[in-house]
Structure formats: C-alpha cells, structure tokens
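Structural characterization, general
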Amino acid sequence: MYVVIVGAGKVGFNLAQELINSDFKVALVEEDKEKCETLASHINALIINGDGADFMILESAGAQKADYIVAATGSDEVNFVVAMLAKIAFKAKIAIARVNDPRNEEIFKKMGINYTFTSTNIVAKLMFETIRYKEAG
C-alpha cells in the first residue's frame, strides 16, 4: 500500500513512522525545507519539500498511485484543499483529513472526505468515556 502524507509535524511524522513500521510505502510532503532535510536522515520515506496543496507537488509525491492521501497539517484550509485534490484530481481511494477546528468538520464530511479526525473531539470523547467508565465501575 502507498500512502501520501501532507504535513510532517507531530501527527504526520508519527503516522509516517507507524506506517513504515507496518511495511507501507510512504511519501511525506512538507513545506519547511529544514524539516525535510532532518526527516531525510530519520525516516525511510520519499520526502518532498513543497506546498502539499499544490497539484504538481502532490503529483511528484505519487498521489496518482496512492491508496491513501492524508492531509495532516495544522491548517484546515490546506487540509481541505489537499483532501479535495485527492478525491477529485487524483481519484484517491481514501482521503483522510485532520480537522483542527471542530466547527469545520461537517463541511469536510459534506464534501465527501472519507475520514476526518478532530483531535479536540477525540480527546473530549476519550475523557468523557474515562469518567463514565470510572463512575460506572
């Protein structure tokens, strides 16, 4: 399986490591040139320096052959563009997007993004379940 990840911050980098450790082929797109140079010596992936919301950059990362395209930047705007390019231009089987502002999650879903993850909602739900479980026990 081939996965293109846009954004090599904590989320994107950790996801890439997990996927590589599970024998996935990974391309990691990152705008910060210095971060790309550091990544190249720490991770066994194709590293592309550039704007992941740029069609040509995604194409150079192999988006046309990707099974999954993941938008994992800290910007909902960039993640939205990446996910839409994945679905429309590259016909990705699965587009996954990090959504930083919970108010934006519904629009991502309405536009056909396969999976969205909002850390605010995920953490709140886990905390709620922990409290509920402790109270029930």
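Residues numbered from 1 in each chain as written. Predicted model: local features only at pLDDT ≥ 70, side-chain atom pairs only at ≥ 80, totals over all residues. Heavy atoms only, no water.

What follows is about unusual backbone geometry. Keep in mind that most residues, glycine aside, have a negative phi and that most peptide bonds are trans. Positive phi, normally seen in glycine, also occurs at Asp 23, with a value near 70°. On the secondary structure map, Asp 23 appears in the loop between helix H1 (10-21) and strand S2 (25-30). A positive phi angle, near 50°, is found at Lys 91, a position not held by glycine. Tracing the chain through its elements places Lys 91 in the loop between helix H4 (76-88) and strand S5 (94-98). (Helix = DSSP H or I, 4+ residues; strand = E, 2+ residues; numbered from the N terminus.)

Further remarks concern the side chain of Glu 30. Mapping Glu 30 onto the fold places it in strand S2. Nearest to the buried, unbridged Glu 30 among oppositely charged side chains is Lys 35, at 4.5 Å. Sequence-distant contacts of Glu 30, that is, excluding residues within four places in its chain, are made with Gly 7, Ala 8, Gly 9, Lys 35, Cys 36, Ile 48, Asn 49 and Gly 50. (Buried < 20%, exposed > 50% of the residue type's maximum accessible area, 1.4 Å probe, protein only. Lys, Arg positive; Asp, Glu negative; His and termini not counted. Salt bridge = Lys/Arg side-chain N within 4 Å of Asp/Glu carboxyl O. Contact = heavy atoms within 4.5 Å.)

Here we take up the sheet that holds strand S6 (residues 115-117). Strand order across the open sheet formed by 6 strands is S3-S2-S1-S4-S5-S6, with parallel pairing between neighbours. Here the strands that pair on one side only, and so sit at the sheet edges, are strand S3 (46-49) and S6. Looking at each pair of strands side by side, their axes are set apart by 15° on average, direction ignored. Where S5 and S6 come together, 3 bridges link them in parallel fashion. Note on S6: the bridge partner recorded for Arg 98 is Phe 117. Each of S2 and S3 is contacted by helix H2 (residues 33-40), which is oriented at about 170° to S3, the strand it contacts most. (Pairing = 2+ DSSP bridges. Axes fitted to C-alpha atoms, helices over the stretch in contact; angles between N-to-C directions.)

On to the nonpolar core, then. Counting 25 residues, the largest nonpolar core has Val 4, Val 29, Leu 58, Ala 61, Ile 69, Ala 97 and Ile 113 as its most contacted members. Among the elements of the structure, strand S1 (2-6), S2, helix H3 (55-60), strand S4 (68-71), H4 and S5 are those that each provide at least two residues to this core. In terms of residue count, the dominant contributor to this core is H4 (5 residues). Beyond its immediate chain neighbours, meaning those up to four positions away, Val 29 contacts Val 4, Ile 5, Val 6, Gly 7, Ala 8, Ile 48, Gly 50, Gly 52, Ile 57 and Ala 61. One finds Ile 20, Leu 39, Ile 43 and Ala 72 within the second-largest nonpolar core, a separate group that totals 14 residues. (Core = buried A, V, L, I, M, F, W, Y, C linked by side-chain atoms within 4.5 Å.)

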